[in-house]
Each structure stands twice: as C-alpha cells, then as structure tokens.
Amino acid sequence: DEGYVISTTPYRLAFDYLLLCDEILERFERAAVPLAEQYGNVPVIGMGHSCGALLQVFITCLFPDTPRAANALISFNNKPAGEAIPMFEEAVVPLATELAGDAQTARWLRETSASARPAI
C-alpha cells in the first residue's frame with residue numbers, strides 16, 4: 001500500500017563471506033526477476049544488521065554489476081561510530097554538519113552530488 005516491495009534473502013551464518021554473498025545474490029535474483037516483471041525497474045536498497053550489514057558492503061564493493069541505489073547498514077561492527085570510523089569526530093562530524101547546513105556552499109554540494117548520481 002505504501003509503494004515498497006521488500007525481498008528478504010535469508011542465509012546461514014558462516015565465515016566464508018564470499019560464499020554467503022554468492023548465496024544471497026542468487027536468492028535475490030530468483031525473486032528480483034518476477035518482481036521486475038510485475039513492478040518494473042525499481043531502485044534496490046540493500047539493508048542489513050550486524051553481519052548482514054557487512055555482507056551488504058561486500059556485495060556492493062565486490063559485485064559492481066549488482067546495482068544499489070543505497071545501503072542501510074545497522075550495527076556494522078558493534079562499536080560506536082566514534083570508535084569504528086577513523087577521524088569520525090575530527091572530520092566526519094564537521095563535514096556532515098557543514099553539508100547539512102543551509103549555507104550556499106552546502107546547498108551547492110548537495111545539489112551537485114545528487115545530480116552526479118547515475119540514473120537507475
């Protein structure tokens with residue numbers, strides 16, 4: 001009713017991440033083909049929590065032919081962002097604060113980055 005289609009791809013937890021990525025992609029493709037026939041070409045947003053977040057990062061990086069409009073990653077590594085991301089407080093927070101602001105440069109950067117995204 002809200003205009004979303006959700007496809008879950010369960011997997012059995014293991015440490016062979018490449019094999020898990022292959023299995024996830026295979027399961028997703030089996031569902032994606034009939035969904036595309038029914039709904040057309042829709043943007044794909046990878047979502048994952050913990051190991052699922054890690055696997056979505058691997059899928060996005062290692063399989064560039066598997067397009068993603070975005071990823072939503074939750075608890076990527078069980079650490080607070082300040083500990084998990086190098087230079088988070090020194091670089092990421094000020095940059096994000098600046099980009100979220102209303103200054104002309106921030107608006108220009110947001111518009112430029114949005115227009116540079118490939119059409120899906």
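Presented here is a report on the structure given in the accompanying data block. Fair warning: this is a prediction, and the values are worked out from it, not measured in the lab.

A closer look at the layout of surface pockets
Within this model, the largest pocket holds a volume of roughly 1100 Å³. In terms of lining, the largest pocket is formed by 36 residues, of which the most central are Val-5, Phe-28, Pro-43, Val-44 and Ile-45. Among the elements of the structure, α1 (17-39), β1 (45-49) and α2 (51-62) are those that each provide at least two residues to the lining of the largest pocket. No other element matches α1, which puts 9 residues into the lining of the largest pocket. A breakdown of the residues in the lining of the largest pocket according to their chemical character gives 21 nonpolar, 12 polar and 3 charged.

With respect to the packing of aromatic side chains
In this structure the tally under the stated criterion is 2 aromatic pairs. Between Tyr-17 and Phe-58, the ring centres sit 5.7 Å apart and the planes meet at 40 degrees, which makes this aromatic pair tilted. Of this pair, Tyr-17 sits in helix α1 while Phe-58 sits in helix α2, and the two are 41 residues apart along the sequence. Taking the relative accessible area as the measure of exposure, Phe-58 reaches 26% and is therefore partly exposed. An aromatic cluster is defined as three or more aromatic residues linked by ring pairs; in this entry it consists of Phe-15, Tyr-17 and Phe-58.

Criteria and thresholds
- Residues numbered from 1 in each chain as written.
- Predicted model: local features only at pLDDT ≥ 70, side-chain atom pairs only at ≥ 80, totals over all residues.
- Heavy atoms only, no water.
- 1 Å grid on protein atoms, 1.4 Å probe; cavity = no way out; pocket = protein on both sides within 12 Å on 5 of 7 lines; lining within 4 Å.
- Points joined across faces, edges and corners; volume = space filled by probe spheres on them.
- Helix = DSSP H or I, 4+ residues; strand = E, 2+ residues; numbered from the N terminus.
- Nonpolar A, V, L, I, M, F, W, Y, C, P; charged D, E, K, R; others polar.
- Phe/Tyr/Trp six-rings, centres within 6.5 Å; stacked < 30°, edge-to-face > 60°.
- Buried < 20%, exposed > 50% of the residue type's maximum accessible area, 1.4 Å probe, protein only.

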